[in-house]
Amino acid sequence: MYYDYHVHSHFSADCEAQMKDIVENAIKFGLKEVCFTDHIDYDYCDPSINFDIDLDEYTDHIELMRDRYGDRIKILKGVEVGFQPHIVEKCDNLVKSGDFDFAIASMHTCNKQGLYNRDYFKGKTAREAYLKYFEEILYCVKNFKNFSVIGHLNILARYNDDAARENLIDYFDVLEVIFKELIERNKGIEINTSSLRYSNTLLLSPDVLKFYHELGGKIITLGSDTHVPNTLAHEFDYIYGILREIGFEYITTFEKLQPKFAKI
Ligand SMILES: [Zn+2]
Ligand SMILES: [Zn+2]
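What counts, and at which threshold
Residues numbered from 1 in each chain as written. Chains lettered and ligands numbered in written order. Predicted model: local features only at pLDDT ≥ 70, side-chain atom pairs only at ≥ 80, totals over all residues. Heavy atoms only, no water. Donors = N, O, S within 2.8 Å, 3.2 Å for Na, K, Ca; no water. Tetrahedral: all angles 85-135°; square planar, octahedral: opposite > 155°, others 65-115°. Helix = DSSP H or I, 4+ residues; strand = E, 2+ residues; numbered from the N terminus. Buried < 20%, exposed > 50% of the residue type's maximum accessible area, 1.4 Å probe, protein only. Pairing = 2+ DSSP bridges. Contact = heavy atoms within 4.5 Å. Axes fitted to C-alpha atoms, helices over the stretch in contact; angles between N-to-C directions. Expected span 1.5 Å × (residues − 1). Salt bridge = Lys/Arg side-chain N within 4 Å of Asp/Glu carboxyl O.

Draft legend 1. View of the coordination of the zinc ion (ligand 2). Coordination of the zinc ion (ligand 2) by the protein is provided by His6 (NE2), His8 (NE2), Glu80 (OE) and Asp225 (OD), with metal-donor distances spanning 2.1 to 2.3 Å. One can describe the site at the zinc ion (ligand 2) as irregular: its 4 donor atoms subtend angles covering 81 to 168° at the metal. Donor residues for the zinc ion (ligand 2), ordered by position in the chain, follow H-x1-H-x71-E-x144-D. If you look at the zinc ion (ligand 2) and the zinc ion (ligand 1), they sit 3.6 Å from each other and are both ligated by glutamate 80. Note that histidine 8 is positioned in the loop between strand E1 (3-7) and helix H1 (19-28) and glutamate 80 in strand E3 (residues 74-82), a separation of 72 residues in sequence. A residue is classified by how much of its surface remains accessible, and histidine 8, at 0% relative accessible area, is buried.

Draft legend 2. Summary view of the coordination of the zinc ion (ligand 1). In the first shell of the zinc ion (ligand 1), the protein supplies Glu80 (OE), His108 (NE2) and His152 (NE2), at 2.1 to 2.2 Å from the metal. Along the chain, the residues that donate to the zinc ion (ligand 1) are spaced as E-x27-H-x43-H. On the basis of relative accessibility, which here comes to 16%, the residue histidine 108 falls in the buried class.

Draft legend 3. The environment of lysine 96, seen in detail. Tracing the backbone shows lysine 96 in helix H3 (residues 88-97). Between the alpha carbons of lysine 96 and phenylalanine 147 there is a distance of 9.2 Å; along the sequence they are 51 residues apart.

Draft legend 4. Fine view of the sheet that holds strand E4 (residues 102-106). With parallel pairing, 7 strands are arranged side by side in an open sheet as E1-E2-E3-E4-E7-E8-E9. Pairing within the sheet leaves two strands with one partner each, and these edge strands are E1 and strand E9 (220-223). Of the strands in this sheet, strand E2 (33-41) and E3 are in contact with helix H2 (residues 55-69), which crosses E3 at around 155°.

Draft legend 5. Broad picture of helix H7 (residues 172-184). End to end, H7 covers 18 Å across 13 residues, agreeing with the expected 18 Å (1.5 Å per residue, within 8%). Within the sequence span of H7, burial applies to Phe172, Leu175, Ile178, Phe179, Glu181 and Leu182. Close packing links the buried residues of H7 with helix H4 (126-143), strand E7 (149-150), strand E8 (188-192) and helix H9 (206-214). A positive phi of about 60° marks asparagine 186, the residue just after H7.

Draft legend 6. Here's a closer look at the pattern of salt bridges. Under the defined criterion, the tally for this structure stands at 15 salt bridges. Glutamate 214 is paired through a salt bridge with lysine 210; the nearest N and O atoms lie 3.5 Å apart. Of this pair, glutamate 214 and lysine 210 both sit in helix H9, 4 residues apart, which is roughly one turn of the helix. We classify lysine 210 as partly exposed; its relative accessible area is 43%. One network of salt bridges, in which partners are shared, links Glu63, Arg66 and Asp101.

Just distances and angles here, no functional claims.
If you want it as structure tokens, here you go:
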């Protein structure tokens, strides 16, 4: 049974897929649940892209999908919020007032510089880049009250070759603090399988997932981060195998921002 909790539709500025095509494919692939997590990024580093959503229209469209397909698949209303420390209150208010089932807190910028356009990496060693990134993640975990999971943790590895060569084992002291805070606040992490499409690697290696598990981490969602209908639930079976081997027995789903656990 698959639950894809990171899915984009045409409500995201960088996506053209129609919700109905996504839902129809999700049904075809036998998914139990699909959670739309379209982008909202306030104060994004590239002003030529507007990562915002008309929330009324978004809600109406999800309702329409539920009316049409709700007897065959559960459809959740989520959001991927671009987190930055200076907009934490705005992010919190958005999730609080948006009546969401699920909220991913993702860093697409760091130090107010873009990751995608590589600006953030200029003039930094990989270690410096990681330490600042983890500092902002920790700030997010401590101060952003209403999110559900941290999105694509270790995204630096996607955008910078030096970063990709770093071993997260060298950052376990920092990760331990982040994971313990997450666990205490009843929040979690996601496994984002899009990196298997881009570079055939996982952002979070089994070592890191094992470390999270040893610390008592239970909340893990699984997301394809797909922007097209045909890569829904990409490689989820492979991830289930890794999780089972580590000792995880459940994958997490959400409703009204409350975690629930489904046996894997
Ligand atoms: Zn993202
Ligand atoms: Zn995404």
